[in-house]
Structure formats: structure tokens, C-alpha cells
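Secondary and tertiary structure notes
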Amino acid sequence: MIFPSDSDPCCNGLGRESDQGIYEGQYIEDEWNGFGRRIIANGDFYVGFWKDGMRNGQGKYVYNRDNKVEEGEWFDDEFKGA
């Protein structure tokens, strides 16, 4: 998990991506770091922890069309399991 120190330039924000997705959560130096959620244009979404713009730590990804859920540990943007 990412917990910024007092010296880290961390902020919370909401941003729209060029592919019509949305990210809401913590940033450090313009990268998704900490806790946040990303809603993708196709309706899929991820809620959980991020490190350097990738899913890392505990999180939940919900596939809109397949009604599939991956919930558990993520590392370098890949689901590793419960």
C-alpha cells in the first residue's frame, strides 16, 4: 500500500482521460498513487490501490459486460488472486 509522507506532493483529484475514462483519487507527481477508482468508457471499473499509474495492492475490478469480478491482490497492473 502507498501512504505518502509529509514531503510527498500528494493530492486528490478527478480527471477525464482521452479515451473517455475517469479517474478519481490520489495522485503523486501526476501519477495515480494511493487509493482511487477508475471508470473505463465501456463501463468496467477498478476501485483500490495504485502505484505509479498501475493497479497495486488490494483492489476490485468489475467487468461490466461479463458480470465478472476480480477482487484481491494486484501487482504491476495484473491480478494475482484473492
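One can find the structure itself at the top, above this paragraph.
Note that this is a predicted model, so its numbers are computed, not measured.

Cut-offs used in this document
Residues numbered from 1 in each chain as written. Predicted model: local features only at pLDDT ≥ 70, side-chain atom pairs only at ≥ 80, totals over all residues. Heavy atoms only, no water. Helix = DSSP H or I, 4+ residues; strand = E, 2+ residues; numbered from the N terminus. Buried < 20%, exposed > 50% of the residue type's maximum accessible area, 1.4 Å probe, protein only. Contact = heavy atoms within 4.5 Å. Areas by Shrake-Rupley, 256 points an atom, 1.4 Å probe, with all protein chains shown as cover. Salt bridge = Lys/Arg side-chain N within 4 Å of Asp/Glu carboxyl O. Core = buried A, V, L, I, M, F, W, Y, C linked by side-chain atoms within 4.5 Å.

Things to note about the overall build of the protein chain
When its secondary structure is counted, the protein chain shows 0 helices and 7 strands. Sorting the 82 residues of the protein chain into buried and exposed places 33% on the buried side. Taking the intrachain contacts of the protein chain between residues at least 6 apart in sequence as the baseline, contacts between residues at least 24 apart amount to 6%. In the form shown here, the protein chain has an accessible surface area of approximately 5400 Å², with 46% of it arising from carbon and sulfur atoms.

Description of the pattern of salt bridges
Applying the stated criterion across every chain, the model contains 4 salt bridges. The salt bridge involving Glu24 is made with Arg37; its shortest N-O contact spans 2.7 Å. Taken together, the residues span a long stretch of sequence, with Glu24 in strand S2 (residues 22-28) and Arg37 in strand S3 (residues 31-39) at a distance of 13 residues. By relative accessible area, Arg37 is classed as partly exposed at 39%. In this structure, Glu70 engages Lys68 in a salt bridge whose closest nitrogen and oxygen atoms are separated by 3.8 Å. For Glu70, a relative accessible area of 15% gives the class buried. With a relative accessible area of 41%, Lys68 lands in the partly exposed category.

Re the nonpolar core
Tyr23, Tyr27, Trp32, Ile40, Tyr46, Trp50, Tyr61 and Trp74 form the largest nonpolar core, which has 8 residues in total. Counting residues per element, the ones that place at least two in this core are S2 and strand S4 (45-51). Here Tyr61 is in contact with Ile40, Asp44, Phe45, Tyr46, Arg55, Lys68, Val69, Glu70 and Trp74, once residues within four sequence places are set aside.

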